[in-house]
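# Architecture and fold: a report
Here's the letter readout for the chains.
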Amino acid sequence: MWSGLALRRITTAVTAAARLLADGDTDGAGRAYAKALAKARKQIGRAPAATGLAATAHIGVGRVHLARRDFAAADPEFLAAQQLQPHEWAGYYWAGCAAAHRSDFHRADWFFTTALATGQAPARTFQQRGFARIRLGQVDAAVADLDTAAAHRALDDNALVVLAALHLHRRDWARAEAALIAIPDDRRQPATDGMLGSALERQGRNEAAIAAYDLAVASGDRAPAVLFHQGLVAYRLGRFADSARAWTELCQRHPHGASYRRLVARAEYAAARQLIDAGRFGAALPRLVAGIDAQPAGTLDTSFAQLHRYAAAEAADAGDRDRARSLLTAARDDPWARDFRILLDRLDGNTQAAEREWNRINSEQAANPRTLFA
């Protein structure tokens, strides 16, 4: 009778200690577990249930030490629980957690494996062992563990992100997507949306990929890789203005990246051609100018020389002849741009300079009918 009453009191004390620990009261939980442990150990040998209560109290004391980051003090408590209940999972599981906190990942792996061997350990043990194996460089084994935990819905959001990153590294795009979409939309972080966009893009699902990239950027993830792929997928989809916007921001983060500026120029030019095809010439002109201005010095090609002419014509029509001359000078190797500059000289009344230039051209190319009778 008395042992039964004592066991009920010990059980009540252990339950109360667990509540205190869950509420973050480590001091109160530590005292409650210590008292329960002292009483339980007195009952060992008198009542079979006392052994389990003592093991539970040892684990509770060890968890209090873990919460205080006193890992050396936690370890003996978990070992004591293992000695009391060698066929139960909990002592091995928490010992694995203590070892992982001390960065002893080989020891952690052994304890988690032993916990799983009891056949009673919860599925989160696979997550913990997977993390330990990542630190040991055992990537394939880690992925297998995390996949098992995911199948049992035992991965938290951070673990799902880690699993997705591993699948992306292994180029397993579909599994990376599956891990990421398992995170509810309202809990998904901006970087996670960028990872989802990458997984979808690699599967050729550009519409879904651009939606994920757009969401990542709108949520604050402006990492260079996200901006680059947002622009790239938008370009594939014919969303050239969106592509130019993404790559322009990328240029701002890499001001000395000539290749990125070249991307902006091509996106702006493509956007302009799209507008021209739609008959929206007025809207196309600023895009043409933007395409020219984004072009790095010294890398002018034939198509951009033509764009300089178009932009110069726009500037001259608006009365900004200085801007027109600047654009034409940038296209100095284009004969039409050269002729346009001479025409501007004549319109400005500088006929002598225009005639000298015509004469110079005729002396070099006397058979050119465009300039011979100018």
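The helix and strand inventory of the protein stands at 21 helices and zero strands. Across the 374 residues of the protein, 44% fall into the buried class. Here the contacts in the protein between residues at least 6 apart in sequence split such that 45% fall between residues at least 24 apart. When the accessible area of the protein is evaluated, it comes to approximately 19,600 Å², of which 52% is carbon and sulfur surface.

So, on to the packing of aromatic side chains. One pass over the structure, following the stated rule, counts eight aromatic pairs. Relative to Trp94, the ring of Tyr93 lies with its centre 5.2 Å away and its plane at 90 degrees, an arrangement referred to as edge-to-face. In this structure, Tyr93 and Trp94 share a single accessibility class: buried. On the numbers, 4.9 Å between centres and 70 degrees between planes, the contact of Tyr235 with Phe240 is edge-to-face. Note on Phe240: relative accessible area 16%, which makes it buried. An aromatic cluster is present here, built from Phe78, Trp89, Tyr93, Trp94 and Phe112 joined pairwise through their rings.

Next up on the list: the packing of helix H14 (residues 240–253) against helix H15 (residues 258–277). Direction vectors running N to C along H14 and H15 enclose 160 degrees, while the axes themselves pass 8 Å from each other. As far as their axial angle goes, H15 and H14 are roughly antiparallel. Here H14 runs over H15; the crossing is left-handed. When H14 is examined against H15, the residues Phe240, Ala241, Ser243, Ala244, Trp247, Thr248, Leu250 and Cys251 are found in contact with a partner set consisting of Tyr260, Arg261, Leu263, Val264, Ala267, Glu268, Ala270, Ala271 and Gln274.

Here helix H6 (residues 105–117) contains 13 residues, and its C-alpha end-to-end distance of 18 Å stays within 8% of the 18 Å for a straight helix at 1.5 Å per residue. Every buried residue of H6 is listed here: Phe105, Ala108, Asp109, Phe111, Phe112, Thr114, Ala115 and Leu116. As for H6, its buried residues are in contact with helix H4 (71–84), helix H5 (90–101) and helix H7 (124–135). Following H6 by one or two positions, Gly119 has its phi on the positive side, about 75 degrees.

In the structure shown here, the tally under the stated rule is 21 salt bridges. For Asp242, the salt bridge goes to Arg239, with nearest N and O atoms at 2.8 Å. When its relative accessible area of 22% is taken as the criterion, Asp242 is described as partly exposed. For Arg239, a relative accessible area of 29% translates into the label partly exposed. Salt bridges sharing common partners tie together Asp109, Arg129, Arg133 and Asp145.

The next point concerns the confidence of the model for the protein. It should be kept in mind that the predicted coordinates are not to be read in detail where pLDDT is low. Summing up the model confidence of the protein, the mean pLDDT is 82 and the portion of residues at 70 or higher is 78%. Per-residue pLDDT stays below 50 along residues 370–374; that stretch engages in 14 contacts with residues further than four places along the chain or on separate chains.

Right, let's get into the side chain of Asp145. Considering the arrangement of structural elements, one finds Asp145 in helix H8 (residues 139–151). With a relative accessible area of 4%, Asp145 lands in the buried category. When residues no more than four places from it in sequence are discounted, the contact partners of Asp145 are Phe126, Arg129, Gly130 and Arg133.

Now for a positive patch on the surface. Together, Arg8, Arg9, Arg31, Lys35, Lys39 and Lys42 line one region of the surface with positive charge. Breaking the positive patch down by element, the ones donating at least two residues are helix H1 (2–22) and helix H2 (26–43). No other element matches the four residues that H2 contributes to the positive patch. Looking at the secondary structure, you find Arg8 in helix H1.

Where H7 contacts H8, the two axes come as close as 8 Å, and the packing angle between them is 160 degrees. By the angle between their axes, H7 is roughly antiparallel relative to H8. Relative to H8, H7 is oriented so that their crossing is left-handed. Packed against H7, whose contacting residues are Phe126, Gln127, Arg129, Gly130, Phe131, Arg133 and Ile134, the element H8 presents Ala141, Ala142, Asp145, Leu146, Thr148 and Ala149 at the interface. Of the residues belonging to the contact of H7 with H8, the class tally is seven nonpolar, three polar and three charged.

Parameters and conventions
Residues numbered from 1 in each chain as written. Predicted model: local features only at pLDDT ≥ 70, side-chain atom pairs only at ≥ 80, totals over all residues. Heavy atoms only, no water. Helix = DSSP H or I, 4+ residues; strand = E, 2+ residues; numbered from the N terminus. Buried < 20%, exposed > 50% of the residue type's maximum accessible area, 1.4 Å probe, protein only. Contact = heavy atoms within 4.5 Å. Areas by Shrake-Rupley, 256 points an atom, 1.4 Å probe, with all protein chains shown as cover. Phe/Tyr/Trp six-rings, centres within 6.5 Å; stacked < 30°, edge-to-face > 60°. Axes fitted to C-alpha atoms, helices over the stretch in contact; angles between N-to-C directions. Parallel < 35°, antiparallel > 145°, perpendicular 65-115°, else oblique. Left-handed = near helix turned anticlockwise from the far one by under 90°. Expected span 1.5 Å × (residues − 1). Salt bridge = Lys/Arg side-chain N within 4 Å of Asp/Glu carboxyl O. pLDDT = per-residue confidence, 0-100. Patch = residues over 30% accessible without salt bridge, like charges linked within 9 Å, V, L, I, M, F, W, Y side chains within 5 Å. Lys, Arg positive; Asp, Glu negative; His and termini not counted. Charge placed at Lys NZ, Arg CZ, Asp CG, Glu CD. Nonpolar A, V, L, I, M, F, W, Y, C, P; charged D, E, K, R; others polar.

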